[in-house]
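Chain residues, written in single-letter form:
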Amino acid sequence: MALAKRIIPCLDVKDGETVKGTNFVNLRKAGDPVELGKAYSQAGADELVYLDITASSEGRKTFTEIVTRIAGEINIPFTVGGGINEIGDVERLLYAGADKVSVNSAAIRHPQLIDEIAARFGRQVCVCAIDAKQEGGEWFCYVNGGRVRTELKLKEWAREAEGRGAGEILFTSMDHDGVKNGYANDILAELAGLLSIPIIASGGAGRKEHFRDAFTKGRADAALAASVFHFGEIKIPELKAYLREQNINIRM
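These numbers come from a predicted model, not from an experiment.

**Quick look at the packing of helix α8 (residues 208–216) against helix α10 (residues 236–245)**
Working step 1: Relative orientation of the contacting elements α8 and α10 amounts to 50°, with a least axis distance of 10 Å. It follows from the interaxial angle that α8 and α10 lie oblique. Helix-helix and strand crossings are classified by hand; for α8 and α10 the assignment is right-handed. Two secondary-structure elements touch here, α8 through Lys208, Glu209, Phe211, Arg212 and Phe215 and α10 through Glu238, Leu239, Tyr242 and Leu243.
Working step 2: Here the contact of α8 with α10 is composed, by residue class, of 5 nonpolar, no polar and 4 charged.

**Side note on the nonpolar core**
Working step 1: The biggest cluster of nonpolar side chains holds 72 residues, and the ones touching the most others in it are Phe171, Phe211 and Phe229.
Working step 2: Not counting residues within four places of it along the chain, the set of residues in contact with Phe211 comprises Ile7, Tyr183, Ala205, Ala223, Ala225, Val228, Phe229, Ile234, Leu239 and Leu243.
Working step 3: Counting residues in each nonpolar core, the second largest holds 9 residues, with Ile8, Cys10, Val127 and Ala222 among its members.

**Looking at the environment of Val179**
Working step 1: In this structure, Val179 sits in the loop between β10 (168–173) and α7 (185–194).
Working step 2: Along the sequence, Val179 and Asp131 sit 48 residues apart, while their C-alpha atoms lie 15 Å from each other.

What counts and what doesn't
Residues numbered from 1 in each chain as written. Predicted model: local features only at pLDDT ≥ 70, side-chain atom pairs only at ≥ 80, totals over all residues. Heavy atoms only, no water. Axes fitted to C-alpha atoms, helices over the stretch in contact; angles between N-to-C directions. Helix = DSSP H or I, 4+ residues; strand = E, 2+ residues; numbered from the N terminus. Parallel < 35°, antiparallel > 145°, perpendicular 65-115°, else oblique. Left-handed = near helix turned anticlockwise from the far one by under 90°. Contact = heavy atoms within 4.5 Å. Nonpolar A, V, L, I, M, F, W, Y, C, P; charged D, E, K, R; others polar. Core = buried A, V, L, I, M, F, W, Y, C linked by side-chain atoms within 4.5 Å. Buried < 20%, exposed > 50% of the residue type's maximum accessible area, 1.4 Å probe, protein only.

Take a look at the structure:
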């Protein structure tokens, strides 16, 4: 039987608070990251992702303390990303209690970081996050929280990341982020056909049907969302019951 699909709330953390924006801008506050994580864990989320979105040196120190608090409060796996530039950062966050780390900008600038994480901690620890936007029929990768465009193409980079030892790809369509019109299912399906590691869909969840489509049309292994969960628009137990009714293998 195929592995169960996963539902993953994402918590963007800035100055110790959870925030959420649209198309990577216009941030609004959504609550305490530890309390939110605890609530999601109790509601049946399969995993959580925490991203330190500003990742200043002071923020990373604050963030490490938050990671320690999260680990003490929840009993599901969680991934931590933001400001991870070297193996020492990975070690610090895993020691604080994280199960996996997510690398994005630093991995694009120094691809061998993926090799190092996989070699040191195992590929299951390394999630390669990719923020991309479509331009003229081609998807290009962005760094620095979606602020800087690179010439790197999505599919080429995803294949390289897998080859270097990434255990999962967390793909965010910047055009779909926070818009709530559904995930980028066409390119998700292309990535699924290209890679043998799991793909986490991110950007675009607005209704329960969007999760269904990410799993069926997009062939994603997990679906990540933020605002629909943070602001109570979709309840995780109801979402899972709906997906089960749609014959999608989901943990209840």
